[in-house]
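Reading the structure
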Amino acid sequence: EAYDKNTLQQQRRKLPAYHAREELMKVIAENQVVVVIGETGSGKTTQIPQFLYEAGYCKFGGLIGVTQPRRVAALSVAKRVSEEMNVKVGKEVGYTIRFEDKTSPKTRIKFMTDGILLREALLDAELDKYSCIVMDEAHERSLNTDILLGLFKRVLTRRRDLKLIVTSATMNADKFSRFFGNAEQFTIPGRTYPVETLFSAIAAQDYVASAVKQIIRVHLRSEPGDILCFMTGQEDIETTCEELTKELETLIKSDPSIEPLQVLPIYSTLPADLQSKIFRRSKYRKCVVATNIAETSLTVDGIRFVVDTGLMKLKVYNPKLGMDTLQITPISLAQANQRSGRAGRTGPGLCYRLYTKYASLKEMFPEPIPEIQRTNLSNTILLLKYLKVDDLSKFPFLDKPPIETINTAQYDLWCLGALDNFGKLTALGKKMSNFPIDPALSRLLIVSSFSQFQCSKEMITIVTMLSIPPIFVRPTHDAALQRRSDSVREKFQVAESDHLTLLNIFNLFKANGCQERWCTKNFLQYKSLRRAVEIHTQLSQIMGSQKLAITSNPDWDVIRKCLCASYFHQAAQFKKYGEFVNLRTGLQMRLHPTASLYGLGDLPKYVIYHELLLTGREYMNYVTAVEGEWLCEFGEIFYAAKEKGITSRENQARKEHEFQKVIAEQRK
Ligand code: ADP
Ligand code: MG
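Residues numbered from 1 in each chain as written. Chains lettered and ligands numbered in written order. Predicted model: local features only at pLDDT ≥ 70, side-chain atom pairs only at ≥ 80, totals over all residues. Heavy atoms only, no water.

1. Section: a negative patch on the surface
Note the following rule: Candidate patch residues must exceed 30% relative accessible area and have no salt bridge, after which like charges are joined if within 9 Å and Val, Leu, Ile, Met, Phe, Trp or Tyr side chains if within 5 Å. Surface exposure here means Shrake-Rupley accessible area, sampled with a 1.4 Å probe, where a residue is shielded only by the protein chains that are shown. The term salt bridge refers to a side-chain nitrogen of Lys or Arg lying within 4 Å of a carboxyl oxygen of Asp or Glu. For the purpose of counting charges, residues Lys and Arg are taken to be positive, whereas Asp and Glu are taken to be negative. His and the chain ends are not included. Where a charge lies is defined by one atom per residue type, namely NZ (Lys), CZ (Arg), CG (Asp) and CD (Glu). Numbered from the N terminus, helices here are DSSP runs of H or I no shorter than four residues, and strands are runs of E no shorter than two. Relative accessibility under 20% of the residue-type maximum defines a buried residue, over 50% an exposed one, and the middle range a partly exposed one, all with a 1.4 Å probe and only protein chains included.
Together, Asp206, Glu235, Glu238, Glu242, Glu243 and Glu247 give the surface a local cluster of negative charge. With respect to the secondary-structure elements, Glu242 resides in helix α9 (residues 234-254). Look at Glu242 and you get partly exposed, because its relative accessible area is 38%.

2. Section: the site of ligand 1
Short version of the rule: Being near a molecule or strand, for a residue, comes down to having at least one heavy atom within 4 Å of it. In the analysis that follows, any N or O atom pair within 3.5 Å is treated as a polar contact, provided that within protein one partner can donate a hydrogen and the other can accept it, and provided that, for residues neighboring in sequence, both atoms belong to side chains.
Lining the immediate environment of ligand 1, one finds 16 residues, of which Gly41, Lys44, Thr45, Thr46 and Thr299 sit closest. One of the backbone N or O atoms of Lys44 is found 2.8 Å from an oxygen atom in ligand 1. A distance of 2.6 Å is found between an oxygen atom of ligand 1 and a side-chain nitrogen or oxygen belonging to Thr45. Burial of ligand 1 by the protein amounts to 94% of the accessible area it has alone, namely 560 Å².

3. Side note on the sheet that holds strand β8 (residues 184-187)
Counted only if it meets this: Two strands qualify as a pair provided DSSP detects at least 2 bridges between them. For helices, the fitted line uses only the C-alpha atoms of the stretch in contact; every axis is such a line through C-alpha atoms, and the angle between N-to-C directions lies from 0 to 180 degrees. Working rule for contacts: check all heavy atoms of both residues, and any pair within 4.5 Å makes them a contact.
Overall, mixed pairing links the eight strands, which are arranged β4-β3-β5-β2-β6-β7-β1-β8 in an open sheet. Of all strands in the sheet, those bounded by a partner on one side alone are β4 (100-102) and β8. Neighbouring strand axes in the sheet, compared pairwise and without regard to direction, differ in orientation by 20 degrees on average. The pairing of strand β2 (residues 63-68) with strand β6 (residues 130-135) spans five bridges and is classified as parallel. Note that in β6 the partner of Gly65 across the bridge is Ile133. Those strands touched by helix α5 (residues 114-123) are β2, β3 (93-97), β5 (109-113) and β6, and its axis lies near 100 degrees from that of β5.

4. Considering the state of the cysteines
Applicable threshold: By disulfide we mean two sulfur atoms from cysteines, separated by a distance within 2.5 Å.
On inspection of all chains with the given rule, the structure shows zero disulfides. Cys58 takes part in no disulfide bond, and the closest cysteine sulfur, belonging to Cys132, lies 6.8 Å away.

5. As for unusual backbone geometry
Phi is positive for Leu127, which is not a glycine, with a value near 50 degrees. Mapping Leu127 onto the fold places it in the loop between α5 and β6. Even without a glycine there, the phi angle at Lys547 is positive, about 60 degrees. Within the secondary structure, Lys547 sits in the loop between α22 (526-545) and α23 (556-567). Since its relative accessible area comes to 76%, Lys547 is described here as exposed.

6. What to know about the pattern of salt bridges
Once the charged atoms of two side chains with opposite charge are near each other, the side chains can pair. Throughout the structure, instances matching the rule amount to 24 salt bridges. The partner of Arg21 in a salt bridge is Glu54, with the nearest N and O atoms 2.6 Å apart. Residue Arg21 is located in helix α2 (residues 16-30), and its partner Glu54 is located in helix α3 (residues 44-54); the two are separated by 33 residues in the primary sequence. For Arg21, a relative accessible area of 24% gives the class partly exposed. For Lys129, the salt bridge identified is with Glu120, shortest N-O distance 3.8 Å. Judged by relative accessible area, Glu120 falls into the buried class, the value being 14%. Sharing partners across several salt bridges, the network here consists of Arg12, Arg21, Glu54, Arg80 and Glu84.

7. A word on the environment of Lys163
When you line up the elements, Lys163 lands in strand β7 (residues 163-168). The exposure class assigned to Lys163 is buried, which follows from its relative accessible area of 13%. Among the polar contacts made by the side chain of Lys163, one reaches the main-chain carbonyl oxygen of Ala29 at a distance of 3.2 Å.

8. What to know about the sheet that holds strand β10 (residues 226-230)
Strand order across the open sheet formed by six strands is β9-β16-β13-β10-β12-β11, with parallel pairing between neighbours. Here the strands that pair on one side only, and so sit at the sheet edges, are β9 (195-199) and β11 (261-266). On average, adjacent strands in this sheet sit at an angle of 15 degrees to one another, irrespective of strand direction. Pairing between β10 and strand β13 (residues 303-308): five bridges, direction parallel.

9. Considering helix α4 (residues 71-84)
Selection criterion: How far a helix is expected to stretch is found by multiplying one less than its residue total by 1.5 Å.
End to end, α4 covers 20 Å across 14 residues, agreeing with the expected 20 Å (1.5 Å per residue, within 8%). Counting buried positions over the 14 residues of α4 gives ten, a clear majority of the element. Among the residues of α4, those classed as buried are Val72, Ala73, Ala74, Leu75, Ser76, Val77, Ala78, Val81, Ser82 and Glu84. Once α4 finishes, Asn86 follows within two positions and takes phi at roughly 60 degrees, a positive value.

10. Re α22
A rise of 1.5 Å per residue sets the reference length of α22, with its 20 residues, at 28 Å; its end C-alpha atoms lie 29 Å apart and thus fit the reference within 8%. Buried within α22 we find Ser528, Leu529, Arg531, Ala532, Val533, Ile535, His536, Leu539, Ser540, Ile542 and Met543. Tucked into the core, α22 has its buried residues touching α4, β4, α17 (439-448), α18 (456-467), α20 (498-511) and α21 (516-521). Of the residues trailing α22, Lys547 is marked for its positive phi of about 60 degrees.

11. Topic: the pairing of strand β15 (residues 323-330)
In this structure, strand β14 (residues 311-318) lies alongside β15, joined through eight bridges in antiparallel fashion. Note that in β15 the partner of Tyr317 across the bridge is Asp324. Count of turn residues in the β14/β15 antiparallel hairpin: four residues, of which Gly322 carries a positive phi of about 70 degrees.

12. As for the packing of α18 against α20
Short version of the rule: Between 65 and 115 degrees an angle is taken as roughly perpendicular, under 35 as roughly parallel, over 145 as roughly antiparallel, and anywhere else as oblique.
Following both chains from N to C, one finds α18 and α20 inclined at 100 degrees, their axes separated by 9 Å at the closest point. Judged by the inter-axis angle, α18 sits roughly perpendicular to α20. When α18 is examined against α20, the residues Glu458, Thr461, Ile462, Met465 and Leu466 are found in contact with a partner set consisting of His499, Leu502, Leu503, Ile505 and Phe506.

None of this, on its own, says anything about what the molecule does.
Below, the structure written as structure tokens:
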């Protein structure tokens, strides 16, 4: 399925961006900041970086940096552009995403996630190695993009030679212009075909079943053209694909004249080789089942039918749990239009909305809410403090985050020892900012190198294993295989700790020569474990650069004790009937059925846990049994006082009050 070079060039020439090239390059030459607006699929992402390259913006060694809010997009677009330029990925065209760097000294066009550029800004505030930066998909308003835009305000005045191109679908474009002092706008004239949208007459009870039904109907009755279906995430995408395939098999058995349908999933954690399948030509009608990644960041040609559930998964901060959770919510009206527009790129199209018109008016916001206004900001604030933005109220936010969110984040960072009583970054906080992981995990790594633990080698492994997608494979259809996979899993389990179980598996993987065969035999994800080995190396390098000793201490008790030094805010006490209660928030929780402690007759009095999973109720995921006194030792903020008769919640409230007072003082 290799593309023939001619057709690639022919395809390029057909893109609206191609025809706007000269004018666009003129506007860029004359202005430092340009906001480029264009329909999805007009060639903004793939063409603008090449235009800049060809116009000589890399002549003096400068790089063209292109940011994407999504990993998948960064990777897929880098592949496409290198094909168009006829070079290997990692040479002239490369990409960097977290824990994965495919660039070389030769690289001139670098695609990356916005998070990567933000990290680079920590090391080099002027971003000196770039001559141009394209902030792509800015309309998505991801947290990191918003922060970068704020940082650029300062960088641009100091570096007059730096070009900034902000690309956006039609929504939000004026806002970006205004933000940069009425920056020049350039609209790529595009052609789109009319799309007829049909609403459901009644609300769907089960959106997966409705989507499957609608897709089959389109396939059986309609003229040629591919189908794009919007779902919320991996799970419902997989179910949809399975049910579609099953349903079609039955239909074809009874009527062999029915054409097959090529069903293709796409979501961010899908392995790269499977992701690129959606772009390949197919003999049969294609049906791509996607998350909102296909709304604007990826364009599949030939789509004529869109099936839209009207839903998405959204990261939202839940104050009761004190953390972000993924929630299935209705999309915004702007997104609904964006989704239906996907059907009208190559000809007139049809969009089937699986919700009623009434629901769209009643439940959908006109525009999506920017991430900065709905998620936890600890990580971001740690970075801003590192960049010496001590007074957050002075930072040029495109949209201000709620003050409570800023305060919660500062409080969390203070608990972790990253901020002092005056809200300033501590030495520990400075070290923490250098790790591209959650503050609690970076603290864990740093503390593990302290003299009383010296178990940093083990802790790097544990943190690594917590940063990769789940490693256990559980066959879905075969009950016998399922039982076998469960018993193999038990074999790896360390009874009192999921963290130690993860450590155990990683060590066994290495001891067995990092073999795929060994993984398959043991129902483990080979690709994830391979990645773990790479991440381990990278985290070790960061430890080195921060002058933190890497020493091994295989003593399980020491490792569990060390975990308490960072997880004290996620500690729980056993109550009764499998019920635990968080010592800080009082929230009731249970063990997740995959936890190694699950089903034990004698449950420990105290545990720490890595995260909460919400499926009806709150379940602790990755759990380790600990001693109460360890918690007192390291979580003195909450627990020492408790032993003296003050409950942790009162103590927390008191401390919190003190800290808030300090923050309030500062704001005056
Ligand atoms: P925009 O950024 O304006 O939405 P793009 O530059 O992403 O547009 O896409 C331009 C064209 O390139 C589209 O027709 C799209 O199908 C094609 N394209 C982009 N990425 C790939 C890829 N990885 N494989 C095949 N085609 C691609
Ligand atoms: Mg794009």
